[in-house]
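Structure at a glance
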Amino acid sequence: MAKKDASVQPDKRSDYQEALKRAAALCSRQEQYSRHIREKLSEWGIPENDAERIIRKLKDERFLDDRRYAVAFVRDKFRFNRWGRVKISHMLRLKGIMDEVIDEALSMIDEDQYNTTCRELIRNKSAGLKEKDRWTRKSKLHRFATGRGFESDLVFRLLDSLDDE
């Protein structure tokens, strides 16, 4: 009977350790979310039970935290991309973040700053529109602001208040 060559057999322990190191390095460079790390581990060929152990260990050691990721995502997308809550929420749901985590992160947006940002976006867009018809202009501005993720009722209120100015 032929003896199996040990160098051909992959060492499960070293695969686990290597994947854990790679995942921890990924998490330490930039905030990550659980599903993304799970997908990476799958791409690396890590068995699902080992992937779950790795994710649990990363969470226990605070390398991975979906709440922290959601807060950072909300802060950055609102501040730099000037997205509204609807769009941010939608994008986080696509990433597999739980609704209660999303709601908690969105609640950290300052309401006055949120309204001011939406108002500024509408004013800037309005300045660039050549449309003279009031209703067509309002419709275009509404479509623009809701496309950026701002709530329809907020946009209507702001459009009405801009009419009064």
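Remember, predicted model here, so these are calculated numbers, not experimental data. For every chain, the first residue of the written sequence is number 1, and numbering continues from 1 along that sequence. Per-residue local features are limited, in this predicted model, to residues with pLDDT of at least 70; the limit for side-chain atom pairs, both in listing and counting, is 80 or more; totals at the level of whole chains, interfaces and linings are taken over all residues. Processing note: side-chain calculations cover all non-hydrogen atoms of the structure and skip hydrogens and water entirely.

As for the overall build of the protein chain
- Helix numbers and strand numbers start at the N terminus; a helix is a DSSP run of H or I with at least 4 residues, a strand a run of E with at least 2. Secondary structure assignment for the protein chain yields 9 helices and 0 strands.
- Along its sequence from the N terminus, the protein chain presents helices and strands in the succession α-α-α-α-α-α-α-α-α.
- Here the globule rule reads 2.2 Å times residues to the power 0.38, and the radius of gyration is calculated from C-alpha atoms. Compactness check: the protein chain gives a C-alpha radius of gyration of 23 Å against a globular reference of 15 Å for 165 residues, more than 25% above the reference.
- Expressed as lengths along the three principal axes of its C-alpha atoms, the size of the protein chain is roughly 90 × 30 × 25 Å.
- Buried residues in the protein chain amount to 36% of all 165 residues.
- Residues are treated as being in contact if the distance between any of their heavy atoms lies within 4.5 Å. Partitioning the intrachain contacts of the protein chain with sequence separation of at least 6 by distance along the chain shows that 61% fall at a separation of at least 24.
- The protein chains shown are the only cover counted for residues, whose accessible areas, like all others here, come from Shrake-Rupley with a 1.4 Å probe. For the protein chain, the computed accessible surface area is about 10700 Å², with 49% contributed by carbon and sulfur atoms.
- Side chains of the protein chain carry 37 positive and 31 negative charges; the gap between the two charge centres is 4 Å. Classification of residues uses two cut-offs on accessible area relative to the type maximum, computed with a 1.4 Å probe and protein chains only: under 20% is buried, over 50% is exposed, and between them is partly exposed. Residues scored as positive are Lys and Arg, those scored as negative are Asp and Glu, and His as well as the terminal groups of each chain are ignored. For this purpose, a charge sits on NZ of Lys, CZ of Arg, CG of Asp or CD of Glu.

What to know about helix α7 (residues 111-128)
- To estimate how far a helix should extend, the number of its residues minus one is multiplied by 1.5 Å. Taking 1.5 Å per residue as the helical rise, α7 with its 18 residues ought to reach 26 Å, and the 26 Å between its terminal C-alpha atoms agrees with that figure.
- Regarding α7, its N-cap is D110, as a side-chain oxygen of that residue lies 3.4 Å from the backbone nitrogen of D112 further along. For this analysis, a polar contact is any N or O atom pair within 3.5 Å, provided that within protein one partner can donate a hydrogen and the other can accept it, and provided that sequence-adjacent residues contribute only side-chain to side-chain pairs.

Thoughts on the pattern of salt bridges
- Salt bridge, as used here: a side-chain nitrogen of Lys or Arg that lies within 4 Å of a carboxyl oxygen of Asp or Glu. Scanning all chains against the criterion turns up 15 salt bridges.
- Measuring nitrogen to oxygen at the nearest pair gives 3.4 Å for the salt bridge that ties E39 to R35. Here R35 and E39 lie together in helix α2 (residues 34-43), a separation of 4 residues that amounts to about one turn.
- By relative accessible area, E39 is classed as partly exposed at 39%.
- As a salt-bridge pair, R75 and D76 come within 3.7 Å of each other at their nearest N and O atoms.
- Residue classification places R75 among the partly exposed residues on the basis of a relative accessible area of 39%.
- Residue class for D76 comes out partly exposed when judged on its relative accessible area of 31%.
- Residues joined by salt bridges that share partners form a network here, namely R85, E111 and E151.

Observations concerning the packing of helix α4 (residues 66-81) against helix α5 (residues 85-94)
- Interaxial distance between α4 and α5 falls to 10 Å at its minimum, and their mutual angle equals 140°. Classified by the interaxial angle, the pair formed by α4 and α5 is oblique. α4 and α5 meet at a crossing whose hand is right-handed. Facing Y69, A70, F73, V74, K77 and F78 of α4, the residues of α5 in contact are I88, M91 and L92. Each axis is a line fitted through C-alpha atoms, and for a helix only the stretch in contact is used; angles between axes span 0 to 180 degrees, taken between their N-to-C directions. Any angle from 65 to 115 degrees is called roughly perpendicular, while one under 35 is roughly parallel, one over 145 is roughly antiparallel, and all others are oblique. Crossings are assigned a handedness: left-handed for a near helix turned anticlockwise from the far helix by less than a right angle, right-handed for a clockwise turn.

Don't take any of this as a statement about function, it's just geometry.
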